[in-house]
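Topology and contacts: notes
Chain by chain, the residues run as shown.
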There are 2 protein chains.
Amino acid sequence: MRWPNDVQIKEVGPRDGLQNEKKRLATADKVSWINMLSESGVREIEYSSFVHPKWVPQLSDAHEVGRKIKRNPNVRYSALVPNRKGLELALEAGIDGASVFMSASESHNKKNINKTIAETYSVLGEVIKGAKQANKHVTGYISTVFDCPFEGKIVPQQVIRVCDQLFEFGVDDISLGDTIGTAVPLQVDQLLEVVLSRYPKEKIIMHFHDTRGMAIANITRSLEYGITRFDSSIGGLGGCPYAPGAAGNVATNDVLYLLHGLGIKTGIDEKKLQEAAFFIQKKLGKALPSKSLAYAESQH
Amino acid sequence: MRWPNDVQIKEVGPRDGLQNEKKRLATADKVSWINMLSESGVREIEYSSFVHPKWVPQLSDAHEVGRKIKRNPNVRYSALVPNRKGLELALEAGIDGASVFMSASESHNKKNINKTIAETYSVLGEVIKGAKQANKHVTGYISTVFDCPFEGKIVPQQVIRVCDQLFEFGVDDISLGDTIGTAVPLQVDQLLEVVLSRYPKEKIIMHFHDTRGMAIANITRSLEYGITRFDSSIGGLGGCPYAPGAAGNVATNDVLYLLHGLGIKTGIDEKKLQEAAFFIQKKLGKALPSKSLAYAESQH
C-alpha cells in the first residue's frame, strides 16, 4: 500500500461548521478565529456563506467578515454562493473561490434549497459562469452522494449525472458529500470506482460527516483510491441538521492525526489548529466532538 | 476487496469498560445489564475481573455477579484473571473463559502490574496451565502493542516475543491491544504483516481504543487482513486511564454499524445493544462517547 505524499485539507468550520450553531458569534470573534486558522498552514478556508440571512442568520455577516479578516496570500478564501445575487455580494467581499451546492437526491435538493434539480442547474449554471468570468476558483458541492434521508440509497450513476452537468458548467472541482454521515467504506468503494473511472482524482474532493463515527475509516479508504483532497471542520464543529446533539463534519484535528500518522504531509501545524479549536470551544461555550481534541485538551 | 462473511465481537464493557468508571454500580444493575447483553446475540462477554478489589473496586463483586447472571448457553462468560488466587475465585464463580494480561512494553507492564515481563510470565504460566486443566478457554491480552506511554514505539518483534511465550503456555488466542489509542492504519499494516506471517488469523483478536478517533479505521484495516475477531465496549464505555475525559474502548455500537454496513454478519441485534447502552448510560448518569449511539439517541 502506497499512501499519497501530500493531502490538501479545506477547512470548512467557519461555514459548514458554524451554520448549524444556535449561539450567535460576534463578527470580531469570527475574524480572530479565521485569522488563527489562516496561520495554521491550511491552504483553503471556506469562511462564510452568501445564502440569504433569513436561512442562515449565523452567517449574515459574511460580507463584513470577508472585509475584516487578515488575508494570508497562501490561503484561498472561499464562500458558499447560492445564486446571482449572492455572487455579487461575494465578489464585493473579495472571495477567492465560490462554492455552489446541490444534492444528488431530488428530494433532498427540494427540501434543502426548495428547487428541483433541473431548476437548480439553471441557477448554478449562471453563478458558475459569472464566477469563472471574474476569474474565481469554483467548487461544486454535491450532497447526499451515498444516502438520502428521504430516498435512501443513491446510486453512483445519479452522482455522475450531477457531476457531468457541473463540470460542463465549468466548476474546477467537485466535493462529494456524505451529508448525513451514513457511509461505510464499502460505499466509498462503490462510488469511487465509478467516479474515478470518469474524472481525474485531482478534481474530486471527499466530504465526510462523522455522524456515526465512520468518517476516518472512509477517509482512509478514499486515500487508498488516491484521493488527496478532503473537507473537514475544526474540532468537528457543526452538528447534524437532522439530529440535534449528533456529530456533523469530520474533525480536522482527527483527520490531521490520521494523515500525519500515515506520513502524509498537509502543511498544517496541529498545535496551531488545536489552539484555534480551544478558542472556538470557549466562544461557543461547549466541547466539540473531536476525540483527538478531547484527548489533547485532557493533556493541556 | 473481499470482506469476511462473519465477525465475532467480544463485549468487554462490563470489565474493561466499567473498570475506569468512578461511579460504583450496584451489583443488581450489573446483573440486569449483563443479562441484556446476553440476549443481544453477542457470543462472548467479559463480565468482570478477579483482580484484587484494592486495584479495581468497581469490580469487587465479580464473584457475586458471576453467580447471579442468567447464563445464556450461546454466550461464553469470561473474566480477567491476574494470578492463581484470582483463578480459584473465578472458577468458583463459574467462568467459561479466563483472560490473562500483560504488556508488550517492559515499562508499561511494570507500571500496570508492578512486575517485570519475566516475573509476569511465571505468574501467568501458572494461571494458564490451571485454567486449561479446568478445561476453560484462555485468552491472552497483550497491551501497548503499537505505542507505550513511557517507551514510545513498540516494534512488532517485541509483540511476537510475548505472543510466542503465551502460546507456549497454552493460551487459545491472543488479543492485541492499542491500549492508549494511538495507532493509525499504517501501524496496523506493520504489525499484522509480521503477526499473520507467524500465527493463523483465527487466533488473533484486535482490541482498539478510540482515544483519538482512529479505532474504526483500524478495524477496517484489520478486516482487510482477514481478521475476524474484535473486542469492543458497549457505547464506548470506559475512559482512557491516562487522560480523564478522553475516549477509551471502541464502541460496540459503532463497530456493528461498520460491520453490518459492510455486509458482515455478527449475530448481534443492534437495537437490543442500543437498549443495553441506554440502560447503562442512565445508571452511570452520563452520555457514552459512541457517535452512532448519540445519533440513535437523538432519534429515540
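Residues numbered from 1 in each chain as written. Chains lettered and ligands numbered in written order. Predicted model: local features only at pLDDT ≥ 70, side-chain atom pairs only at ≥ 80, totals over all residues. Heavy atoms only, no water.

Let me state the cut-off plainly: UniProt positions are given in the numbering used here, feature names are shortened, and annotations may be inferred rather than shown by experiment.
Per an unreviewed UniProt entry, chain A goes by Hydroxymethylglutaryl-CoA lyase and derives from Lentibacillus populi. According to the UniProt record, the Sequence similarities (unreviewed entry) comment for chain A reads "Belongs to the HMG-CoA lyase family."

**Section: the pairing of strand β4 (residues 97–103) of chain B**
Residues in a regular strand point their side chains to alternate faces of the sheet. Residues and elements named next belong to chain B. Test applied: Relative accessibility thresholds used throughout: buried, under 20% of the residue-type maximum; exposed, over 50%; partly exposed, between the two (1.4 Å probe, protein chains only). Only DSSP runs of H or I covering at least 4 residues are called helices, and only runs of E covering at least 2 are called strands; the numbering of each starts at the N terminus. A clockwise path from the first strand over the helix to the second, with the strands pointing away from the viewer, defines a right-handed crossover. In this description, strands pair whenever DSSP reports at least two bridges between them.
Counting buried positions along β4 gives 7 out of 7 residues, so the element sits mostly inside the fold. By the alternation rule, side chains of β4 split into Gly97, Ser99, Phe101 and Ser103 and Ala98, Val100 and Met102, which are all buried. For the crossover from strand β3 (residues 76–80) across helix α4 (residues 84–93) to β4, the handedness is right-handed. Inspection of the sheet shows β4 paired to strand β5 (residues 137–143) by 7 bridges, in the parallel sense. Pairing of Ser99 across the sheet is with Thr139, part of β5.

**Quick word on the pairing of strand β1 (residues 8–11) of chain A**
All names here are of chain A. Bridge analysis of β1 against strand β10 (residues 229–232) gives 4 bridges, and the strand direction is parallel. Its bridge partner being in β10, Gln8 is matched across the sheet by Arg229. With 2 bridges connecting them, β1 and strand β2 (residues 44–49) associate as parallel partners. Directly across from Glu11, in β2, lies its bridge partner Ile45.

**Overview of the relation of the copies chain B and chain A**
Worth spelling out the cut-off: The fit set for superposing copies consists of C-alpha atoms from residues with pLDDT of at least 70 in both; the fit itself is least squares. The contact rule is simple, with two residues in contact once any of their heavy atoms fall within 4.5 Å.
Superposing chain B onto chain A takes a rotation of 180° plus a shift of 0.0 Å along the axis, which leaves an RMSD of 0.0 Å. Taken together, the rotation angle and the small translation identify this as a two-fold axis. The C-alpha atom lying nearest the rotation axis in chain B is that of Ala217 of chain B; the distance is 1.9 Å. Same-surface contact between copies: 100% of interface residues of chain B are shared with the interface of chain A.

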